[in-house]
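Observations on the model geometry
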Amino acid sequence: MITITKATIVDFFSKTKVIFATIAAIITFSITMYNQFKGSKTTEISGIVALDNVNDPVDALVRITSPIVAETETDAKGHFRFKLQNLQTDTFLLVVQNNRTKTVTKQNEYVNASQGRKDIVVLFDSDMSNGGVYTTIDSSRHNRSKPPNLRKVFQGLFH
């Protein structure tokens, strides 16, 4: 018959605590090292700013103002590019100001963090008045749609 004494109980829990603490320390250290060296993911958002059609580039200041803040200038061909670290999938507000006419246009763009966006087109119309502020359609509606809202899908199935 096995006898349980105070000494065997204390001895058992002492060894178990040491083993548990050692395993917890190894796991914590491993997670910390992984997070330290995993590297950040870069997402690219790029496109073109043009007048009336894609063949007439515009010298413009392009800003992302919501939910993050970033700013860049277009190149000689009207192209702009943002490279952002650790970006979350979201809809971003692009504010584009034509440097020559000071006309501003705003549009929302949906960006998937894993794929980015490289097909954004911002068109200025020659009929826009100098210094005016305009809101344009979301160019992503034509190319990509937002992922479906699963809650609404399930509600539609069961109601």
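Above this note sits the structure.
I will try to describe carefully the structure that is included in this document. (Residues numbered from 1 in each chain as written. Predicted model: local features only at pLDDT ≥ 70, side-chain atom pairs only at ≥ 80, totals over all residues. Heavy atoms only, no water.)

Let's talk about the side chain of E109
Condition: Only runs of H or I of at least four residues qualify as helices and only runs of E of at least two qualify as strands under DSSP, and these elements are numbered from the N terminus. Each residue gets one of three labels from its accessible area relative to the maximum for its type: buried under 20%, exposed over 50%, partly exposed in between, using a 1.4 Å probe on protein chains only. For this analysis, a polar contact is any N or O atom pair within 3.5 Å, provided that within protein one partner can donate a hydrogen and the other can accept it, and provided that sequence-adjacent residues contribute only side-chain to side-chain pairs.
Examined against the element boundaries, E109 turns out to sit in strand 6 (residues 104-111). Classification of E109 as buried rests on a relative accessible area of 0%. A distance of 2.5 Å separates the side chain of E109 from the side chain of Q107, its partner in a polar contact.

Thoughts on the sheet that holds strand 3 (residues 70-73)
Applied cut-off: A pair of strands is treated as paired once DSSP finds two or more bridges between them. Interaxial angles span 0 to 180 degrees and are taken between N-to-C directions of axes, which are lines fitted to C-alpha atoms, for helices over the stretch in contact.
Sheet architecture is open: 5 strands sit in the order 3-2-5-6-8, paired in mixed fashion. Where the open sheet ends on each side, the last strands, each with one partner, are strand 3 and strand 8 (133-135). The sheet shows a mean angle of 25° between the axes of neighbouring strands, taken without regard to direction. Of the pairings in the sheet, the one linking strand 2 (residues 60-66) to strand 3 comprises 4 bridges and is antiparallel in character. Among the inter-strand pairings, R63 is bridged to a residue of strand 3, identified as E71.

Details of the environment of Q85
Inclusion rule: Here a residue-residue contact requires only that any non-hydrogen atoms of the pair lie within 4.5 Å.
Among the structural elements, Q85 can be located in strand 4 (residues 79-85). Note on Q85: relative accessible area 44%, which makes it partly exposed. Note: C-alpha distance between Q85 and A113 (28 residues apart in sequence) is 9.7 Å. Once you skip the residues sitting within four places of it in the chain, Q85 turns out to touch S40, K41 and T42. A polar contact is formed between the side chain of Q85 and the side chain of T42, at a distance of 3.0 Å.

Remarks on the packing of aromatic side chains
Spelled out, the test is: Stacked, tilted and edge-to-face are the three classes assigned to paired rings of Phe, Tyr and Trp, where Trp is represented by its six-membered ring and a pair needs centres within 6.5 Å; plane angles under 30 degrees give stacked, over 60 edge-to-face, the rest tilted.
Evaluation of the coordinates by the stated rule reveals 1 aromatic pair. For the ring pair F80 and F82, a centre distance of 6.1 Å and an interplane angle of 65° mean the geometry is edge-to-face. Take F80 and F82: they sit in the same class, and that class is buried.

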